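Overview (structure and organization)
If you want the building blocks of each chain, they are given just below.
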Amino acid sequence: MKTIREITDKGRPADQVIADLKKKNIEVPAWGLLEKEYDPKKHPIKTDPLFLDKVTKGGITKVSKITLGLQRLATNRITELMYGIPVKRIYKTGEDENMKRAADIMEKIFQKNRIDAVNLDRGKKLFCACEVVTLWYAQLLEQEHKLYGEPTKIKLRCKTYSPKDGDALYPLFDESDDMIALSIEYTRKEGSKTIRYFDTYSADQHLRWADGVEEVREDIGLIEIAESVESGEPVRTMKIKEGLGKIPGVYIYRPTPIWEDQSENVYEAEYALSRQGNYIRKNSKPIFGVFSDGNVKYGGEDDKDDRLIVQYGKDDDAKYITWEQAIDSLKFYKETLFDSFFTELQLPNISFDKMMSEAMSGESRKWVFVDAQMKVTDEAGSWLEFFDREINVVRAWMKIMYPDLSDAIDELDIELKITPYSITDEKELIENLTTAAGGEPILSQEEAVRQLGYVDDVEDEIKRLKAQSAKNIFEPAE
């Protein structure tokens with residue numbers, strides 16, 4: 001296999017270079033196919049000839065086309081189960097002050113980039129489109145800032161790419177399954193023109209083509225801050241280095257969308273409901289039937305006192321004829337398909353109607369989430385690997401931003417924890433912790449007031465509580 005330097009050699013034509021960079025040795029479903037399952041407006045019921053509106057002499061006869069967005073619901077639900085409780089980063093610093101500084105900087109970098117919202121966004125994109133890339137890049141500012149707690153001229157940002165947004169992702173792996181290059185193809189509007197870019201990142205290169213044109217290929221260097229001394233004072237200056245030392249992006253993929261092979265069941269439920277809708281359209285209007293051997297006249301009925309009066313023979317009969325429909329059978333069929341969908345995917349069916357229709361205690365409702373928690377545990381493995389690689393990319397940038405902390409940044413030990421969402425009973429938790437603590441308080445009065453959130457000024461409220469307590473001591477009740 002060619003090395004990345006051989007593939008991107010400037011003597012090669014651009015189309016050959018890009019063709020080599022696009023070679024994928026992993027199988028990922030195409031978004032063009034997945035979107036037809038994910039988007040209810042593109043389900044087969046919408047284009048089936050048997051369910052098209054009919055044009056007649058009297059106008060257009062509407063046909064029922066009921067869609068169910070269960071694939072989208074499954075995507076949202078698994079993402080909420082995984083990231084409804086934010087991912088926790090546990091920093092193990094010991095007593096080393098430099099490691100504590102490095103941990104504070106890293107956590108502030110993630111917070112300033114709103115990493116919890118980013119996780120929700122890329123979770124939805126991965127579970128439906130099966131591919132996600134998050135690129136971490138630096139912006140050099142003219143003046144120092146302290147967004148991360150300590151001075152630096154670099155602002156670290158991240159951006160997520162996915163086929164769901166119209167981007168094409170091309171990871172390139174070597175024989176050892178190590179990624180040696182990461183390419184992203186995307187479009188951007190520039191004035192009235194739409195330009196398609198192709199960016200390639202390796203450990204020491206960032207190459208760019210625009211609309212496949214060789215002449216606009218650029219070697220885009222990465223930022224390095226160097227220390228120099230002028231007039232006895234240290235001066236921080238910028239220079240361009242060859243590379244970051246690692247690909248500044250992280251990639252994750254899955255072989256199937258989160259709804260796996262359940263789309264056919266969803267389509268079957270849509271057809272069943274649509275057929276029923278068409279039957280109701282045709283048959284829900286009652287027919288007034290007259291059963292008589294005599295010559296009954298119609299059209300001369302008198303409408304008196306809001307009653308329709310008709311006269312027939314003694315043995316004649318007249319009544320409304322209504323359609324006796326098998327609603328119970330349809331309801332059973334639909335609910336079976338729905339239950340099968342959620343059961344197969346290990347996702348809880350926690351719709352409002354479902355929860356209200358079943359009499360369950362608070363403890364029983366917790367068990368609804370057990371299968372989903374096991375599903376999150378199953379999915380968490382690849383995500384934890386992804387987060388570990390992301391932390392290493394941020395480490396590399398931090399060593400450029402804060403070179404005096406390089407050793408502490410390298411030695412920093414970080415544990416990641418994904419906590420599945422579940423219904424929690426805080427009263428039960430507090431009672432258990434209090435029992436474990438031997439009946440002693442587990443929270444200070446000040447922290448309890450802060451957690452309650454009823455007052456704006458916590459410190460002032462604590463002072464009033466202490467004053468009230470002292471008054472009660474010196475002025476006991478009569």
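Residues numbered from 1 in each chain as written. Predicted model: local features only at pLDDT ≥ 70, side-chain atom pairs only at ≥ 80, totals over all residues. Heavy atoms only, no water.

Focus on the environment of Ile180
Tracing the backbone through its elements, the reader meets Ile180 in strand E7 (residues 179-190). Residues Ile180 and Thr3 lie 177 residues apart in sequence; the distance between their C-alpha atoms is 8.3 Å. (Helix = DSSP H or I, 4+ residues; strand = E, 2+ residues; numbered from the N terminus.)

A short note on the packing of helix H5 (residues 97-112) against helix H11 (residues 370-401)
Where H5 contacts H11, the axes come no closer than 11 Å and their chain directions differ by 115°. Relative to H11, the element H5 lies roughly perpendicular. For H5 against H11, the interelement crossing comes out right-handed. On H11, the residues that touch Ala102, Ile105, Met106, Ile109 and Phe110 of H5 are Glu390, Ile391, Val394, Arg395, Met398 and Met401. Its residues placed into classes, the contact of H5 with H11 shows 9 nonpolar, no polar and 2 charged. (Axes fitted to C-alpha atoms, helices over the stretch in contact; angles between N-to-C directions. Parallel < 35°, antiparallel > 145°, perpendicular 65-115°, else oblique. Left-handed = near helix turned anticlockwise from the far one by under 90°. Contact = heavy atoms within 4.5 Å. Nonpolar A, V, L, I, M, F, W, Y, C, P; charged D, E, K, R; others polar.)

Remarks on the confidence of the model for the protein chain
Per-residue confidence for the protein chain averages 81 on the pLDDT scale, and 79% of its residues sit at or above 70. In this model residues 214-242 is a low-confidence stretch, pLDDT under 50, and it forms 71 contacts with partners more than four residues away in sequence or in other chains. (pLDDT = per-residue confidence, 0-100.)

A short note on the pattern of salt bridges
A pair can form between side chains of opposite charge whenever their charged atoms are brought close. Tallied over the full model, the rule gives 28 salt bridges. Here Asp39 makes a salt bridge to Arg72, at a shortest N to O gap of 3.7 Å. Placement of Asp39 in the loop between helix H3 (31-38) and strand E1 (54-56) and of Arg72 in helix H4 (residues 70-83) is noted, with a sequence separation of 33 residues between them. For Asp39, a relative accessible area of 10% puts it in the buried group. With its nearest N and O atoms 2.6 Å apart, the salt bridge here joins Arg464 to Glu461. Of the two residues, Arg464 and Glu461 both sit in helix H15 (residues 458-474), 3 residues apart, roughly one turn of that helix. Relative accessible area serves as the criterion here: at 48%, Arg464 is assigned to the partly exposed category. Salt bridges here are not isolated pairs; linked through shared partners, they connect Lys2, Arg12, Asp20 and Lys23. (Salt bridge = Lys/Arg side-chain N within 4 Å of Asp/Glu carboxyl O. Buried < 20%, exposed > 50% of the residue type's maximum accessible area, 1.4 Å probe, protein only.)

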